[in-house]
Amino acid sequence: MRGLILHELYTMKYAYAKNLLLVGVLYAALTFAMRMEFFAYMMIWMMGFYAVGSVSLDAGWSRFSKALPVRPGQLAGARFAGAAAMQLLGVAYAMVLGAAMCAVNGGSYGEYLQVVALVTAIAFSVTCILLPCSLKWGVDKARNALMLVFVAFFGGIVLISRSYDLSGLEVWLENSLEGVLAVSAAAVLAICAVCWRATAGIYEKKEF
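Residues numbered from 1 in each chain as written. Predicted model: local features only at pLDDT ≥ 70, side-chain atom pairs only at ≥ 80, totals over all residues. Heavy atoms only, no water.

Student: Would you take a moment to explain the overall build of the protein for this structure?
Tutor: Each helix and strand in the protein was counted, giving 8 helices and 0 strands. Listed by position from the N terminus, the elements making up the protein come as α-α-α-α-α-α-α-α. Classification of the 208 residues of the protein by burial places 35% in the buried group. By sequence separation, contacts in the protein at least 24 residues apart represent 83% of the contacts at least 6 residues apart. (Helix = DSSP H or I, 4+ residues; strand = E, 2+ residues; numbered from the N terminus. Buried < 20%, exposed > 50% of the residue type's maximum accessible area, 1.4 Å probe, protein only. Contact = heavy atoms within 4.5 Å.)

Structure (structure tokens):
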């Protein structure tokens, strides 16, 4: 299992290291120049998309892995562990950048960390959903389909917010943030378990 996880991590390291370094420097510069936390959070999302993109870097590995004494569940687990490691790296980046931003510009670091936790829960859930979809239908199709869903979802929220007063909902979310985070953590674990099982099934049945 350790070797499978290392294979995932080394694949992503050699494919993305230089690009991630440039993106990290760019996002840090934009965060301070524009005083926007968005770019710090965005790295968490980016790491997830990079992890999903590594499916297209397979280079025959999935076919070769069928000859190894490993179970489909272990292959799926290695995929998810590699994705989790990438997103944890994004979380660490967001935490360090947020601490620096709060020190320079002021603001509550505790509230910032709560938002980071919520963004991480959503981003990792999306990554978990994309991994089996990418193995089944290809990275581009899965990513494009999910982007359409997200555009429709957030577009709907924008339209509703323009038609109705959502200030009461915003106050409720602020007052119930800890509960929302707890529910989000449980939802992430459930989504991860279901998507891991789906990925294992794909590895078991699919001819790569």
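Student: Sorry if this is basic, but what is going on with the nonpolar core here?
Tutor: Among soluble globular proteins, nonpolar side chains are generally buried collectively. Counting residues in hydrophobic clusters, the biggest one holds 35 residues, and the most contacted among them are Y50 and M86. Of all elements in the fold, only α1 (2-34), α2 (38-53), α4 (72-105), α5 (109-137), α6 (139-163) and α8 (177-205) reach the threshold of two or more residues within this core. With 11 residues, the next largest nonpolar core counts Y41, I44, V91 and V116 among its residues. (Core = buried A, V, L, I, M, F, W, Y, C linked by side-chain atoms within 4.5 Å.)

Student: Quick question: what am I supposed to make of a nonpolar patch on the surface here?
Tutor: A surface patch of nonpolar side chains, amounting to about 280 Å² of accessible area, comprises M34, M36 and F38. Examined against the element boundaries, M34 turns out to sit in helix α1. On the basis of relative accessible area, M34 is assigned to the partly exposed category, the value being 45%. (Patch = residues over 30% accessible without salt bridge, like charges linked within 9 Å, V, L, I, M, F, W, Y side chains within 5 Å. Areas by Shrake-Rupley, 256 points an atom, 1.4 Å probe, with all protein chains shown as cover. Salt bridge = Lys/Arg side-chain N within 4 Å of Asp/Glu carboxyl O.)

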